[in-house]
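Fold and geometry: a report
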Amino acid sequence: MSEPFLIAQPLLHWFWANHRVLPFRSDPTPYHVWVSEIMLQQTRVAAAVPYYERFVQELPDIPALAACEEERLLKLWEGLGYYSRVRNLQKAARIVCEQYGGQLPGDLAALKKLPGIGDYTAGAIASIGFGIPAPAVDGNVLRVFARLYNDEGDIMQPAVKAATTQKVMAQQPAEAPGDFNQALMELGALVCTPGQPDCAACPLQALCLGRQSGNPARLPQKAPKKARKKCELTLCLAQDAAGRWLLQKRGEQGVLAGLWQPPVLAEEALDEKKALAAAQKLLPAAVLLKEKPLKAKHIFTHLEWHMTAYVMTAPCTPPPEGCVWASPAQLEQEYTLPGAFKTLRKRML
Ligand code: SF4
């Protein structure tokens, strides 16, 4: 395993014959690689593809992304979650327009300085978009290498990740760095999967020390995740006499910063009476509908929301500060309600 490029040849041949046909692979410009990699950070490939196609059709290049209105940009991202990703995309696009004439720089260090672009994404853009030798070590690659080398190290540890990165670079052929990186990721996604790897279908089976050990599935090792914090929320779905729903803008910091939500009445579970009293501070004439409160749960990486939403009606009045009244059509086309509220959104539409 220490000889250079031992895995490259069988891996690349397997990749060229077996890889999935994906829209961002058919025209892998640096911009396309960038957008797709940011989307794929927290989203499965199949779910990301339609978002990717719509995004690059509407914003075909970096100047278009830099100039896009914020509400439109968030709408294009609606359903993907983790909205700081798209905000950072736009921040970086603006810097690229100011400093690099609207084209991403073909330089690993310069890419890493842009907002939202870490080691992995910079390596993917450099190697796939520009053909520059660079590592792109994601969870798939860490898993494949832990098994290939039968490495018991905790892949969450920076030292283990750094050692894996070195091994990747020792194997990466200078003439095909992008395909090599993609091949490793594809192998991890299709064959050397998190559960039971399909070693019989693996182009590296003859070399793999994990397979020789008899139980590659026990790898990689990683420390257990910390338990998520649970948070109760009480919200109101308030509709006015014109059929519009009250939306409230979230604060500029923290989870779902700056996005719209049905007004949050309290960060605890309130009963009907207390919820109505809290809602009347926003809408003094609000009336509770005789409808069971909606229950919903949303899981973030480190946090769980348990939501209770009461449905209310109110006369037509100007919206309270920080809120807007939104018609169902505006909810569909204009305002972005994060996926955390999808159960509540369904009731509103
Ligand atoms: Fe993974 Fe099995 Fe291939 Fe080893 S032989 S890299 S464990 S799929």
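Check the entry above for the structure.
Keep in mind it's a predicted model, so treat the numbers as computed, not measured. (Residues numbered from 1 in each chain as written. Predicted model: local features only at pLDDT ≥ 70, side-chain atom pairs only at ≥ 80, totals over all residues. Heavy atoms only, no water.)

1. Considerations on the site of the ligand
The condition that has to hold: Each residue is tested against the molecule or strand, and it is near if at least one of its non-hydrogen atoms lies within 4 Å. The residue classification treats Ala, Val, Leu, Ile, Met, Phe, Trp, Tyr, Cys and Pro as nonpolar and Asp, Glu, Lys and Arg as charged. All others, Gly included, are polar.
The ligand sits among R147, V191, C192, P197, C199, C202, Q205, C208, R211 and P216. Split into classes, the residues belonging to the shell around the ligand amount to seven nonpolar, one polar and two charged.

2. Some points on helix 10 (residues 139-148)
The following threshold applies: Partly exposed describes any residue whose relative accessible area lies between the buried limit of under 20% and the exposed limit of over 50%, with all areas from a 1.4 Å probe on protein chains only and scaled to the type maximum. A run of H or I in DSSP counts as a helix once it spans at least four residues, and a run of E counts as a strand once it spans at least two, with each numbered from the N terminus. Polar contacts, as used here, are pairs of N or O atoms within 3.5 Å; protein pairs need one atom able to donate a hydrogen and one able to accept it. Residues neighboring in sequence count only if both atoms are side-chain atoms.
Of all ten residues in helix 10, eight are buried; the element is thus mostly enclosed. When we look at burial in helix 10, the residues that qualify are V141, L142, R143, V144, F145, A146, R147 and L148. By the N-cap criterion, in which a side-chain oxygen at the helix start approaches the backbone nitrogen of a residue two or three places on, helix 10 is capped by D138, the distance to N140 being 3.1 Å. One or two positions beyond helix 10, positive phi appears at N150, with a value near 50°.

3. Quick word on the nonpolar core
As a reminder of what qualifies: Throughout, nonpolar core names a set of buried Ala, Val, Leu, Ile, Met, Phe, Trp, Tyr and Cys residues whose side chains join them through atoms within 4.5 Å. Residue contacts follow a heavy-atom distance rule, with two residues in contact if any of their heavy atoms lie within 4.5 Å.
Core analysis: the largest hydrophobic core is formed by 94 residues, its most contacted members being W34, F55 and W305. When near neighbours in sequence (up to four residues on either side) are disregarded, W305 contacts C231, L233, R250, V255, L256, A296, K297, H298, F300, A340 and F341.

4. Some thoughts on the packing of helix 6 (residues 70-77) against helix 7 (residues 84-100)
The criterion, for reference: Only the stretch in contact is used when a helix axis is fitted, and all axes are lines through C-alpha atoms; the angle between N-to-C directions ranges over 0 to 180 degrees. Oblique is the label for every angle not falling under 35 degrees (roughly parallel), over 145 degrees (roughly antiparallel), or within 65 to 115 degrees (roughly perpendicular). Should the near helix be turned anticlockwise from the far one by less than a right angle, the crossing is termed left-handed; should it be turned clockwise, right-handed.
Following both chains from N to C, one finds helix 6 and helix 7 inclined at 130°, their axes separated by 10 Å at the closest point. Of the possible angle classes, the one that applies to helix 6 and helix 7 is oblique. Helix 6 and helix 7 meet at a crossing whose hand is right-handed. Counting all contacts with helix 6, which are made through E70, L73, L74 and W77, the residues of helix 7 involved are R85, V86, R87, L89 and Q90. Its residues assigned to classes, the contact of helix 6 with helix 7 shows five nonpolar, one polar and three charged.

5. Digging into the environment of N18
Mapped onto the elements of the fold, N18 is located in helix 1 (residues 8-18). Sequence-wise, N18 and A183 are 165 residues apart; in three dimensions their C-alpha atoms are separated by 9.5 Å. From its side chain, N18 meets the backbone oxygen of W14 in a polar contact 2.8 Å long.

6. Thoughts on the packing of aromatic side chains
Filter applied, for reference: Each aromatic pair joins two rings of Phe, Tyr and Trp (for Trp, the six-membered one) with centres within 6.5 Å, and gets the label stacked for planes under 30 degrees apart, edge-to-face for over 60, and tilted for any other angle.
According to the stated counting rule, one finds seven aromatic pairs in the structure shown. Pairing Y31 with W34 gives two aromatic rings, centres 6.3 Å apart and planes at 70°, and the pair type is edge-to-face. Within this pair, Y31 and its partner W34 are both found in helix 3 (residues 30-40), separated by three residues, close to a single helical turn. As far as the burial class goes, Y31 and W34 line up, both buried. Ring geometry for F300 versus W305: centroids 4.9 Å apart, planes at 80°, classification edge-to-face. Assigned by exposure class, F300 and W305 land together as buried. An aromatic cluster of at least three residues, connected via ring pairs, comprises F300, W305 and F341.

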